Structures are given as C-alpha cells and as structure tokens.
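Geometric and topological summary
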Amino acid sequence: MSGYAKTFVLMAAMTALFMGLGSLLGGTGGTVIALVVAAAMNLFTYWNSDRAVLSMTGAREVSAATAPGLVRMVHDLADAAGMPRPKVFIIDSDQPNAFATGRNPQNAAVAATAGLLRRLTPEEIAGVMAHELAHIRNHDTLIMTITATFAGAISMLANFALFFGNRERTGGLIGTLVLMVLAPMAAGLVQMAISRSREYEADRIGAEISGDPLALADALRKIESFAKGIDNVQAERNPALAHMFIINPLHAHAHDALFSTHPKTANRIAALEAMTVTPQASAQHSSIPRVGAGRRRSKGPWA
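As the structure is a computational prediction, the values presented were derived from the model and not from experiment. (Residues numbered from 1 in each chain as written. Predicted model: local features only at pLDDT ≥ 70, side-chain atom pairs only at ≥ 80, totals over all residues. Heavy atoms only, no water.)

Turning to the overall build of the protein, a few remarks are in order. Helices and strands together make up the secondary structure of the protein, namely eleven helices and four strands. Here the protein holds 303 residues, and the buried ones make up 51% of them. Of all intrachain contacts in the protein linking residues separated by at least 6 positions in sequence, the fraction that spans at least 24 positions is 72%. Total accessible area on the protein stands at roughly 13,800 Å², and carbon and sulfur atoms take up 64% of it. (Helix = DSSP H or I, 4+ residues; strand = E, 2+ residues; numbered from the N terminus. Buried < 20%, exposed > 50% of the residue type's maximum accessible area, 1.4 Å probe, protein only. Contact = heavy atoms within 4.5 Å. Areas by Shrake-Rupley, 256 points an atom, 1.4 Å probe, with all protein chains shown as cover.)

Burial runs high along strand E2 (residues 87–91): four of the five residues are buried. Pairing between strand E1 (residues 60–62) and E2: three bridges, direction antiparallel. Of the residues in E2, the one forming a bridge with Glu 61 is Phe 89. As paired strands, E2 and strand E4 (residues 107–113) are joined by five bridges and run parallel to one another. Residue pairing in the sheet places Phe 89 in a bridge with Ala 111 of E4. (Pairing = 2+ DSSP bridges.)

Here the focus is unusual backbone geometry. Unlike most non-glycine residues, His 139 shows phi in positive territory, near 55°. Within the secondary structure, His 139 is located in the loop between helix H5 (122–137) and helix H6 (140–164). The class for His 139 is partly exposed, based on a relative accessible area of 34%.

Within the open sheet, the four strands sit side by side as E1-E2-E4-E3. Their pairing is mixed. Because the sheet does not close on itself, it has two edges, and the strands there are E1 and strand E3 (98–104). Mean inter-strand twist for the sheet, computed between neighbouring axes without regard to direction, equals 30°. Lying over the sheet, H5 contacts E3 and E4, oriented at roughly 155° with respect to E4. (Axes fitted to C-alpha atoms, helices over the stretch in contact; angles between N-to-C directions.)

Residues with a pLDDT of 70 or more make up 63% of the protein, whose mean pLDDT is 78. Every residue in residues 281–301 is under pLDDT 50, and counting partners more than four places away or in other chains gives 38 contacts. (pLDDT = per-residue confidence, 0-100.)

Inspection of every chain in the model, using the stated rule, returns one aromatic pair. Over the aromatic face of Phe 226 sits the side chain of Arg 119, whose NZ or CZ is 4.8 Å from the ring centroid. (Phe/Tyr/Trp six-rings, centres within 6.5 Å; stacked < 30°, edge-to-face > 60°. Lys NZ or Arg CZ within 6 Å of the ring centre and 35° of its normal.)

Glancing now at the nonpolar core. Counting 43 residues, the largest nonpolar core has Leu 70, Leu 77, Val 110, Leu 116, Val 128 and Met 129 as the members making the most contacts within it. Among the elements that line this core, the one with the most residues is H5, at eight residues. Judged by nonpolar contacts, the second largest core, of 14 residues, contains Leu 54, Ala 109, Leu 241 and Phe 245. (Core = buried A, V, L, I, M, F, W, Y, C linked by side-chain atoms within 4.5 Å.)

See below:
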C-alpha cells in the first residue's frame, strides 16, 4: 500500500474513532465543541509553528552570502522539484540532522544542523534536503496538524466522558475510565502511524527530486549512527519536536516500532535501495535533474 493510501486509511480510522467516541458519550453537542476547540488550538499552532520550532531549535537563517553552498543546493533542488524556494536555516548542533517546517510551500523553511554539513558528503546532504522538500511539497505539516486536531479532540472527549458521560450506559464508571485511557492512546498510535507513513513517502519523493536514492540511504545510515552518540541539546530540551527530524534525535527514543514516530532506518534504506533496481524508478530518475551529480564526494564549506 502506498504512503498516500496508508495516510487515507489511517485518517479514516482517526475519524471513525472520533465519531464512535462521540456516539458512546450520547449526543453530538460535546463532540462538536471538542472538535471546534481542538481545531482552533491546532490552527493557531499551525499558523505559528514555523517560527516557534525554529526558535526552540536555535536555528539561524542563512543566505547566499553566509552559506552559499547550502543555499544554492536547496534552491537548485526546489527548482528541480518545481516548487517555491524555502528559507534556509542552520542549527548549531554537532549531531547530523535536519527538518522542514512551514504552513505551506509558499511559507516554508528547511533547517540543517552544522553537524550534518560537516559530516556528510554533498550528495548525501542533497538527499537529506530533498527529503525535507518532499515533506513541504506533500503538505505533511498540514496533514499532521489535521491528525493533531483529531487526537486533541479525542482526548477532550475522553475527559468530558469522566464528568459528563452517561454512567447508566453499558460499563458505567469503569467503562468510562477505560474509555478515557484507551481512546487517547489509540488516537496517539494512529497519529504516530501517519507520521511513519509520511516519512516513507518523503524518502521516495526526495530520492526522485535529488535523483540519487543511494545517497539518501547513505545519509540515513550515517545520521542514525551519529545520533546514537552525539547529543542534540535542542531536541533533548524539546522532545515533542523529535518527530520533525529526518532521524529521531533523542537517545532515549523507544525501540518499539508501535510507539515510534519514525520507521526503522533499515527499512527506509531497503526501500531506497529497491528504487535503484526497479526499471520504472530508474527511468523516472533519469528524467530528473540530479543536483550534485558529478561533484566529488568531499566535504565543502557549507556553513
């Protein structure tokens, strides 16, 4: 099943969970109120998320004058993808990593850590930046905002159930308490599953934009290896931001795939490697400008 299909199915599951919970509570009034409140909260967050995230990570905006190599690369990739050029930021962290943010392609930004620019080759950096551009082009920030809206509304409904639920319905107080615990947990799992499906899709489209799936695979392998031994201080202070990075930046992240916001890196690498042996993919890649193709594999003065 493609990433788009998985996202659709998971969104349908989130909607069904929300509607089912509202039905169990008996009445649509509380359901509608919870959805409106959650939507308003997440809309505010979505509108201001780029500035907040960039501020929390200590990212600084760079230009063609201050980081010519990185900015030129991102602009070339964006042009190849036929999308607006995002703002470019650098995070002063030695751990290689990157993320994208912004409410739409016209108001987007990509951020790379200083460690990414020092430790990866130009081809690998291009693969990572293309992955982040894919998130922007796919409107993944919008998708995650919608899922956060539903998850927040479900949590509100679960809390309403304790105070306003019908104690006479099947299960009574015990059933209500179980509902309070299981409904938000189920919503959170669906939200994580959607996040994982978007990572696979961003890998695929990012590889198409850069034209080099193996470079992105190598980058993922290196980033995961370095992330295990190098602290990302900004992410450790704000662990809620971990899902935004291309590889989980936290040392203490759960290894259980069920509770992870990122797919297993080995599975992502395998999917990228498979793209190079698929005839259809090979033909597709050959028609896409390969940013960084032909460059020597060395570390340039990116920052």
